[in-house]
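# Residue-level structure breakdown
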Amino acid sequence: MRNPVRSTTTIMLLGLSLALPACSGLGQPTAPAGHVNSLGMRFVRIPAGEFLMGSDEAPERLARDFPAYELKRFLQLGDEQPVHRVRISQPFWLGQHEVTVGQFRAFLQASGHVPESVADGSGGYGYNPDYDPASTTRGDAFEGRDPRYSWDQPGFAQTDQSPVLNVTWNDAVALARWLSLRENRVYRLPTEAEWEYACRAGSRTRYHQGDDPQSLAQVANVFDAAALPYWPRWQAYALAGSDGHAFSAPVGSLAPNAFGLYDMLGNAWEWVADWHDPQYYASSPNTDPQGPEDGGVKVRRGGSWHSWALYARCSFRNWNSPQTRYTLVGMRLLLEVEADSERR
């Protein structure tokens, strides 16, 4: 697992009235529309548009705003470059929230899918306060793989409204395929470009609400004062403020971005469709990039409840093998817009 120092029934649609503003590409805010599907997942319609993908921040500037971090951390962010203009040519629906424990449970019960952590018998990862971090190089009190841990048991309390964790990229794809067959629509993981476009929601700052790391506590459940008592050795990297959650938070607990999407930063890392290639940005297509044709690891985006602020930026790229399951990793689904709906 990569450490950040360097996944033919008609759809049941219900109209939602969302008062939150959204941004069309780099233009003016528009009012988002919404759908609810057969598992109760709410989707926000994201318009087509263009944006600047990636980050060109110099290590010196990052070092100024993240003074507790070692310089080597800033030198490991080269896969965020070069900044390049990307056109998202088609609108799409994106989950307003990360997939929840309750929704994943309903999927398992209806489909018979066996999560990979159960199917291969090796389990997932979990938080164990008695686990000796001094005995590992991780030092984060997470242990595994172990059959004691899985999507419904990450070692700390979860509710049906919490983001599902310990799910593999393959589990996420299985959910999307099952929903596609059930509802005769196309569900899938977002591409990396679609994800960052939706996360930024018209912004060009580190986070969708601005550049100040301390402002993350308003919009993202990340590593801060609430989590610090559990990991005092990482005190230098904890945000001074508190989002009120030491572990995962019920989805939608904090403020959304301008598209009306919650937890795009923090709470759970989200699997996206792309293979990872650190050089891909230099040659990726300008319109609807799909990522490399093959690779060894899949990209995950957005940071988690345990992530430091540097790793919860809109442009940050992380990755793991498709079989990885971890207590910080979840998912968010994309629903493609039907062609005939665009003509109505």
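Quick look at the structure, then. (Residues numbered from 1 in each chain as written. Predicted model: local features only at pLDDT ≥ 70, side-chain atom pairs only at ≥ 80, totals over all residues. Heavy atoms only, no water.)

### Notes on the overall build of the protein chain
Check the secondary structure of the protein chain and you find six helices and 16 strands. Carbon and sulfur atoms make up 51% of the accessible area of the protein chain, which amounts to about 13,800 Å² in all. (Helix = DSSP H or I, 4+ residues; strand = E, 2+ residues; numbered from the N terminus. Areas by Shrake-Rupley, 256 points an atom, 1.4 Å probe, with all protein chains shown as cover.)

### Some remarks on the pairing of strand S7 (residues 84-88)
Covered by surrounding structure in S7 are His-84, Val-86 and Ile-88 only, the residues Arg-85 and Arg-87 on the alternate face being uncovered. Inspection of the sheet shows strand S6 (residues 49-53) paired to S7 by five bridges, in the antiparallel sense. Bridging across to S7, Gly-49 finds its partner in Ile-88. (Buried < 20%, exposed > 50% of the residue type's maximum accessible area, 1.4 Å probe, protein only. Pairing = 2+ DSSP bridges.)

### Some details on empty space enclosed by the protein
Over the atoms rolls a probe the size of a water molecule, and in doing so it shows where empty space is left. There is about 40 Å³ of room inside the largest cavity. Lining the largest cavity are Met-53, His-84, Glu-192, Ala-193, Asp-274, Tyr-280, Tyr-281, Ser-284 and Pro-289. (1 Å grid on protein atoms, 1.4 Å probe; cavity = no way out; pocket = protein on both sides within 12 Å on 5 of 7 lines; lining within 4 Å. Points joined across faces, edges and corners; volume = space filled by probe spheres on them.)

### Describing the pattern of salt bridges
On inspection of all chains with the given rule, the structure shows 21 salt bridges. The shortest N-O distance in the salt bridge between Glu-196 and Arg-200 comes to 3.0 Å. With Glu-196 and Arg-200 both in helix H6 (residues 192-200) and four residues apart, this pair spans about one turn of that helix. For the pair Glu-196 and Arg-200, a shared accessibility class is recorded, and that class is buried. One network of salt bridges, in which partners are shared, links Glu-57, Arg-61, Arg-64, Asp-65, Arg-206 and Asp-211. (Salt bridge = Lys/Arg side-chain N within 4 Å of Asp/Glu carboxyl O.)

### Observations regarding unusual backbone geometry
A cis amide bond links Gln-81 to the next residue, Pro-82, at an omega of -5 degrees. Position of Pro-82 relative to the elements: it lies in the loop between helix H2 (71-74) and S7.

### Comments concerning the sheet that holds strand S14 (residues 318-320)
Taken together, four strands build an open sheet; the order of strands is S14-S13-S12-S15 and the sheet is mixed. Among the strands making up the open sheet, the edge pair consists of S14 and strand S15 (329-330).

### Notes on the state of the cysteines
Under the definition given, this model contains zero disulfides. There is no disulfide at Cys-199, and the cysteine sulfur nearest it, in Cys-314, is 3.4 Å away. (Disulfide = S-S within 2.5 Å.)

### Re the nonpolar core
It is characteristic of soluble globular proteins that their nonpolar side chains tend to be buried jointly. Counting residues in each nonpolar core, the largest one holds 89 residues, and the members touching the most others are Phe-104, Leu-175, Leu-216, Trp-231 and Leu-333. Tallying contributions element by element places helix H5 (residues 169-183) first for this core, with eight residues. Residue contacts for Leu-175: discarding those within four places in its chain leaves Leu-39, Met-41, Val-99, Phe-107, Met-331 and Leu-333. (Core = buried A, V, L, I, M, F, W, Y, C linked by side-chain atoms within 4.5 Å. Contact = heavy atoms within 4.5 Å.)

### As for the packing of aromatic side chains
With the rule as written, the count across this model stands at 32 aromatic pairs. Look at Trp-234 and Tyr-237: their rings are 6.3 Å apart centre to centre, the planes differ by 55 degrees, and that puts the pair in the tilted class. Its relative accessible area of 16% is what places Trp-234 among the buried residues. A network of ring pairs unites the aromatic residues Tyr-125, Tyr-127, Phe-142, Phe-156, Phe-223, Tyr-230, Trp-231, Phe-247, Trp-305 and Tyr-326 as a single cluster. Here Arg-233 stacks its cationic end above the ring of Trp-234, 4.7 Å away from the centre of that ring. (Phe/Tyr/Trp six-rings, centres within 6.5 Å; stacked < 30°, edge-to-face > 60°. Lys NZ or Arg CZ within 6 Å of the ring centre and 35° of its normal.)

### Looking at H6
Of all nine residues that make up H6, nine are buried, and the element is covered over most of its length. Buried within H6 we find Glu-192, Ala-193, Glu-194, Trp-195, Glu-196, Tyr-197, Ala-198, Cys-199 and Arg-200. Following H6 by one or two positions, Ala-201 has its phi on the positive side, about 50 degrees.

### Topic: the side chain of Ser-307
The residue Ser-307 is located in the loop between strand S13 (298-301) and S14 in this model. Only 2.8 Å separates the side chain of Ser-307 from the backbone nitrogen of Ser-304, close enough to count as a polar contact. When residues no more than four places from it in sequence are discounted, the contact partners of Ser-307 are Val-222, Phe-223 and Trp-269. (Polar contact = N/O pair within 3.5 Å; in protein donor to acceptor, adjacent residues only side chain to side chain.)

### Focus on the environment of Leu-39
Along the chain, the position of Leu-39 falls in the loop between strand S4 (33-36) and strand S5 (42-46). Spatially, the C-alpha atom of Leu-39 lies 6.0 Å from that of Gln-103, the residues being 64 residues apart in sequence. Once residues within four sequence positions are removed from consideration, Leu-39 is found in contact with Gln-103, Ala-106, Phe-107, Leu-175, Trp-178, Leu-179 and Glu-183.

### So, the packing of helix H3 (residues 101-111) against H5
One can describe the packing of H3 onto H5 by two numbers: an axis separation of 11 Å at closest approach and a directional angle of 65 degrees. Read as a crossing pair, H3 and H5 show a hand that is left-handed. Within the contact between the two elements, H3 uses Phe-104, Phe-107, Ala-110 and Ser-111 and H5 uses Asp-171, Ala-174, Leu-175, Trp-178 and Arg-182. Tallied by class, residues from the contact of H3 with H5 come to six nonpolar, one polar and two charged. (Axes fitted to C-alpha atoms, helices over the stretch in contact; angles between N-to-C directions. Left-handed = near helix turned anticlockwise from the far one by under 90°. Nonpolar A, V, L, I, M, F, W, Y, C, P; charged D, E, K, R; others polar.)

### Some remarks on H3
Of the positions making up H3, those classed as buried are Val-101, Gly-102, Gln-103, Phe-104, Phe-107 and Leu-108. Packing partners of the buried residues in H3 comprise H5. A positive phi of about 80 degrees marks Gly-112, the residue just after H3.

Note that every value here comes from positions in space, so none of it alone points to a role or purpose.
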